[in-house]
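A closer look at the structure
These are the residues of each chain, in order.
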Amino acid sequence: MLALIAGQGDLPRAVVDALPEPALICAMESSPPDRITPDHLFRVEQLGSFFRWLKARGVTRVCMCGAVGRPDVKLSKLDLPTLMLLPRVLRALKRGDDGALRIVIGMLEDSGFQVIGAHEAAPALLPEAGVLTAAQPGDGAAAMAALADQVSHRQGLQDLGQCCVISGDQVVAQEDARGTDAMLGELPPVPGGLFYKAPKPGQERRADLPVIGPNTAVGAIRAGLSGIVIEAGGVMMLDRAAVIEMLDAAGLFLWVRERDA
């Protein structure tokens, strides 16, 4: 049986809708999902008991999807099964996002669960490689995408965001902790530029794999960009039909690009 540890945003709902069979939906009490109703809420201070609860219900696989804030750990709420996990929990809370996720995944695996990514639970969310729109990338798109590859690598080394906006040979904007929508919402007009999104090199892909959706298309259109470039096999797409329809209507391209292409 599969359990989803669901966070906020549109991804958990999209994963649930794409699953071939029902899953047990769980969530941290401090970061409940806002698009679906969880079957069970848990506190990080009772993580050990939560793992036992999952096993008692026949769960063998776990998928983490959606945005989750860092909880405030209250030692007064700590239960005995979680005591042995406490050093790892505290260490995770001090790490960057990817480091914290690796520790959480390690705890799940050490407890006997197979951890899978949202793209593995719902593979239809990963678009195939190629240009999916009527509009095609222009002559400068390949060079801008190559520059974005370099930006992505630097962002990965600093554990920063997963996207940026490129215009010619200039980096116009980079994602920060506030996320993609905030970056696009503050973007001035960038005619001919492109939006780029990819996983940070070396990041743990079983959680926090990048996502684009209708909001991304709206932001790119509003900024007057020429198109969107995402990494093939590394970025999920929500509401694919709507995204392509919006981009086609505005004349933007969507290039699902092999990283080394």
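The rules behind the values
- Residues numbered from 1 in each chain as written.
- Predicted model: local features only at pLDDT ≥ 70, side-chain atom pairs only at ≥ 80, totals over all residues.
- Heavy atoms only, no water.
- Pairing = 2+ DSSP bridges.
- Helix = DSSP H or I, 4+ residues; strand = E, 2+ residues; numbered from the N terminus.
- Axes fitted to C-alpha atoms, helices over the stretch in contact; angles between N-to-C directions.
- Buried < 20%, exposed > 50% of the residue type's maximum accessible area, 1.4 Å probe, protein only.
- Contact = heavy atoms within 4.5 Å.
- Right-handed = clockwise from strand over helix to strand, strands pointing away.
- Phe/Tyr/Trp six-rings, centres within 6.5 Å; stacked < 30°, edge-to-face > 60°.
- Lys NZ or Arg CZ within 6 Å of the ring centre and 35° of its normal.

A word on the sheet that holds strand S1 (residues 2-6). Sheet architecture is open: 5 strands sit in the order S3-S2-S1-S4-S5, paired in parallel fashion. Looking at strand neighbours, the two that pair on one side only are strand S3 (40-42) and strand S5 (114-116), the edges of this open sheet. Across the sheet, the mean angle separating the axes of adjacent strands is 30 degrees when strand polarity is ignored. Taken together, the 3 bridges between strand S2 (residues 24-28) and S3 define a ladder with parallel strand orientation.

It is worth spelling out the sheet that holds strand S7 (residues 163-167) at this point. Pairing in this open sheet of 6 strands is mixed, and the strands run S6-S13-S11-S9-S7-S8 from one edge to the other. Of all strands in the sheet, those bounded by a partner on one side alone are strand S6 (130-131) and strand S8 (170-174). Pairing of strand S9 (residues 194-197) with strand S11 (residues 227-231), which is carried by 4 bridges, proceeds in the parallel orientation. Residue Tyr-196 lies in a different strand from S11, and its bridge partner there is Val-229.

This part covers helix H10 (residues 240-250). Because each turn of an α-helix spans 3.6 residues, side chains separated by three or four positions in sequence point in the same direction. If you check which residues of H10 are buried, you get Ala-242, Val-243, Ile-244 and Leu-247. Turning to H10, the residues buried within the fold contact helix H9 (214-222), S11, strand S12 (236-237) and strand S13 (253-257). One or two positions beyond H10, positive phi appears at Gly-251, with a value near 80 degrees.

With that settled, consider the pairing of S2. With respect to burial, S2 is a largely interior element, 5 of its 5 residues being buried. Neither face of S2 is left uncovered, since the one carrying Leu-24, Cys-26 and Met-28 and the one carrying Ile-25 and Ala-27 both have all their residues buried. Across 3 bridges, S1 lies against S2 in parallel orientation. Within S2, the residue paired with Leu-4 across the bridge is Ile-25. Taken together, S1, helix H1 (residues 11-18) and S2 form a β-α-β motif whose crossover is right-handed.

Here the structure, examined in full by the defined rule, presents 4 aromatic pairs. The interplanar angle of 45 degrees and the centroid separation of 6.2 Å between the aromatic rings of Phe-50 and Phe-51 together place this pair among those described as tilted. The same class applies to Phe-50 as to Phe-51, namely buried. Considering the side-chain rings of Phe-50 and Trp-53, the 6.4 Å spacing of their centres and the 20 degrees angle between planes classify their relative orientation as stacked. Placement of both Phe-50 and Trp-53 in helix H2 (residues 47-56) is noted, with a separation of 3 residues, approximately one turn of the helix. Per residue, the accessibility class of Phe-50 equals that of Trp-53, and both read buried. Here a set of aromatic residues connected by ring pairs shows up, and it is made of Phe-42, Phe-50, Phe-51, Trp-53 and Phe-113. The ring centre of Phe-113 lies 5.9 Å from the NZ or CZ of Lys-55, which sits over that ring.

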